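# Descriptive analysis of the structure
Each chain, written out:
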Amino acid sequence: MNLTIQLIHGQFNTKDALDLVTKMIDAKIKFHESRINSFCEEEDVKMRENKIKTLQKDLHEARKLIESNLEINIESEIVLSEKN
């Protein structure tokens, strides 16, 4: 069974788009940061640090795109599926 959740669907002005995208990416960064602790293996820590760096880079690129437009469309969904 699959479930799709339409998280974001619409057109946003620059300020709202920037706020929305920044908060979503920040939430994902905080998730990875919260999973790094002294019990993690070095490999897991490096993987999470790389994901954080990628998210920060993506946010930088998103900001440039959003700031160069008066309005922007944002589509985001979460797809849940059973692991076979």
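Higher on the page you've got the structure.
### Observations concerning the overall build of the chain
For the chain, the helix and strand inventory stands at two helices and two strands. For the chain, the succession of helices and strands along the chain, N to C, is β-α-α-β. Rg of the C-alpha trace for the chain: 16 Å, well past the compact-globule value of 12 Å for 84 residues, more than 25% over. For the chain, the spread of C-alpha atoms along the principal axes amounts to about 45 × 35 × 15 Å. Counting the 84 residues in the chain, one finds 23% classified as buried. Here the contacts in the chain between residues at least 6 apart in sequence split such that 78% fall between residues at least 24 apart. Put simply, the chain shows about 6800 Å² of open surface, and 53% of that area lies on carbon and sulfur atoms. Side chains of the chain carry 13 positive and 16 negative charges; the gap between the two charge centres is 3 Å.

Parameters and conventions
Residues numbered from 1 in each chain as written. Predicted model: local features only at pLDDT ≥ 70, side-chain atom pairs only at ≥ 80, totals over all residues. Heavy atoms only, no water. Helix = DSSP H or I, 4+ residues; strand = E, 2+ residues; numbered from the N terminus. Rg over C-alpha atoms; globule rule 2.2 N^0.38 Å. Buried < 20%, exposed > 50% of the residue type's maximum accessible area, 1.4 Å probe, protein only. Contact = heavy atoms within 4.5 Å. Areas by Shrake-Rupley, 256 points an atom, 1.4 Å probe, with all protein chains shown as cover. Lys, Arg positive; Asp, Glu negative; His and termini not counted. Charge placed at Lys NZ, Arg CZ, Asp CG, Glu CD.

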